[in-house]
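The chain contents come next:
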Number of protein chains: 2
Amino acid sequence: MEDLSPFIDNINRKTRLSPENMALLTAAFKVVKVKKKQLLIQPGFVAKYRIYVLKGAFHSYVIDDKGNEHTIQFAVEDWWLSDYNSYVHQVPATQFVEALENSTILQIDHQAEQQLKNTNWELATLFRLMAEQTAAYLARRTVSNLTQSAEERYNEFVAKYPQVLQRLPQYALASYLNMTREFLSKIRNAKVRKK
Amino acid sequence: MEDLSPFIDNINRKTRLSPENMALLTAAFKVVKVKKKQLLIQPGFVAKYRIYVLKGAFHSYVIDDKGNEHTIQFAVEDWWLSDYNSYVHQVPATQFVEALENSTILQIDHQAEQQLKNTNWELATLFRLMAEQTAAYLARRTVSNLTQSAEERYNEFVAKYPQVLQRLPQYALASYLNMTREFLSKIRNAKVRKK
DNA sequence: GCAGAACGATGAACTATCTTAAGAAAAATG
DNA sequence: CATTTTTCTTAAGATAGTTCATCGTTCTGC
């Protein structure tokens, strides 16, 4: 049996649920184990799940016309992810969501989420707060993408997510920061020399 | 008296409200006229309002360390905008929201919105759908920022918002597309010559 | 425990985009 | 409608970031 307490804490930080509703919510999420490199979401298929990471690491990415991979989002323990556009509108995904390590997730399917939102005030509020926070996060990210240079984006990431840094392959981080792996390598090395 | 039908249609496209709730909602929004160049939101102040554009045009932007302006978002008739991070979390804004033309807006203040969401199921659902759609939109924008070149971003904008194009100052569009005005000028001109 | 694949580092040549500067056009203002 | 201010264009030189090719290192599956 998995320990769901990180998940429960995560929810409690967003809103206060009655014990019954917390039980309803956790019952709607399924524990799933996935192996490194396994895909949870693939372009062409509708994203069926909203995903919470209990243990492990993921990234979501797209592949552009030239065949280059671009990481859109990371998620490690206690983070959420999906292809939001696909999940919200139930249209075919454009993103891959791939495990970077062997991982354990909680997933809720779209239909179950709709059902909860349509019948339960507290849970509807919870999902609203999640959507608002996702929007606020993406807005901040858009600003940082528009205003910072490659090196500044790297520095910001290091400062914000030092623990995450260790666990990510550099090619994924590079594409998340919107630069080539070679250039990221260069930046990192220039830093080391300075010290 | 202003004609609110575009607003009402906008809401109806998101969800079906009872006449009473539609009345409650429209009562919570105030009609405000603003002059070109007027600021609705300013860095340092908490964004008090969620804004719907009835008539006119706006852009939101930030100013970076070097003093350069970066447009984050546009809005013309029938669009919504705010500094979402500031509005959602009620923290000081980082963005300006400025009128590009003399305009008429509908605005709801954060407290009134909370009140409606806390007491009314249908309206809570409406605001949840709005947050979800905002998140999905920002996710799409993030992808396009990460995967496309300057010229491709311009082409995409032209294809998607041809009518909007005419009404925006080029310097605002350039910074929205994450390039200098000079470079945008070059791209446009290269196109004209090809024809 | 080995072979092949995936990952990261490095350097040289290249290119997309920026910077600066100056003039032309357009719009706002009195 | 003349003047001032703002916006757009053009062009030359500068640079951040890419591409390509190569090599050492570390995973990974069998």
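Residues numbered from 1 in each chain as written. Chains lettered and ligands numbered in written order. Predicted model: local features only at pLDDT ≥ 70, side-chain atom pairs only at ≥ 80, totals over all residues. Heavy atoms only, no water.

- Naming follows an unreviewed UniProt entry, where chain A appears as Crp/Fnr family transcriptional regulator of Mucilaginibacter corticis.

1. Brief notes about the protein's contact with DNA strand D
Then, number 1: Lining the immediate environment of DNA strand D, one finds 13 residues, of which Lys-36 and Thr-180 of chain A together with Gln-170, Ser-185 and Asn-189 of chain B sit closest.
Then, number 2: At the protein interface, 76% of the atoms of DNA strand D within 4 Å belong to sugar or phosphate.
Then, number 3: Between Ala-150 of chain A and DNA strand D, the recorded distance is 3.1 Å, taken from a backbone N or O atom to a phosphate oxygen.
Then, number 4: One nitrogen or oxygen atom from the side chain of Ser-185 of chain B is found 3.0 Å from a phosphate oxygen belonging to DNA strand D.
Then, number 5: When residues of the surface near DNA strand D are traced back to their parent elements, those giving at least two are helix H9 (181–194) of chain A together with helix H8 (170–176) and helix H9 (181–194) of chain B. (Near = heavy atom within 4 Å. Polar contact = N/O pair within 3.5 Å; in protein donor to acceptor, adjacent residues only side chain to side chain. Helix = DSSP H or I, 4+ residues; strand = E, 2+ residues; numbered from the N terminus.)

2. Things to note about the nonpolar core
Then, number 1: Membership of the largest hydrophobic core comes to 32 residues, with the highest contact counts inside it found for Phe-7, Ile-11, Leu-25, Phe-58 and Trp-80 of chain A.
Then, number 2: For this core, the elements supplying multiple residues, two or more each, are helix H1 (5–14), helix H2 (19–28), strand E3 (49–55), strand E6 (80–81), helix H3 (84–89), strand E7 (96–99), strand E8 (103–109) and helix H5 (121–147) of chain A.
Then, number 3: Of all hydrophobic cores here, the second largest spans 31 residues; its members include Phe-29, Trp-80, Tyr-87 and Ile-108 of chain B. (Core = buried A, V, L, I, M, F, W, Y, C linked by side-chain atoms within 4.5 Å. Buried < 20%, exposed > 50% of the residue type's maximum accessible area, 1.4 Å probe, protein only.)

3. Details of the UniProt feature "domain: Cyclic nucleotide-binding" (unreviewed entry) in chain A
Then, number 1: Under the present numbering, the feature "domain: Cyclic nucleotide-binding" (unreviewed entry) in UniProt falls on residues 32–118 of chain A.
Then, number 2: A helix fraction of 17% and a strand fraction of 47% characterise residues 32–118 of chain A, whose end C-alpha atoms lie 25 Å from each other. (UniProt positions renumbered as here; feature names shortened; annotations may be inferred.)

4. A short note on the relation of the copies chain B and chain A
Then, number 1: For the pair chain B and chain A, the superposition axis carries a translation of 0.0 Å, the fit reaches an RMSD of 0.0 Å, and the rotation angle comes to 180 degrees. The symmetry that links the two subunits is that of a two-fold axis.
Then, number 2: A shared binding surface is used by both copies, with 100% of the interface residues of chain B retained as interface residues in chain A. (Least-squares fit on C-alpha atoms with pLDDT ≥ 70 in both. Contact = heavy atoms within 4.5 Å.)

5. Things to note about the sheet that holds strand E2 (residues 39–41) of chain B
Residue and element names in this part refer to chain B.
Then, number 1: Ordered in space as E2-E7-E4-E5, the four strands form an open sheet in which the pairing is antiparallel. Among the strands making up the open sheet, the edge pair consists of E2 and strand E5 (69–75). Neighbour-to-neighbour, the strand axes of the sheet open up by a mean angle of 30 degrees, direction not taken into account.
Then, number 2: Relative to E5, strand E4 (residues 58–63) runs antiparallel, the two being bridged by six bridges. (Pairing = 2+ DSSP bridges. Axes fitted to C-alpha atoms, helices over the stretch in contact; angles between N-to-C directions.)

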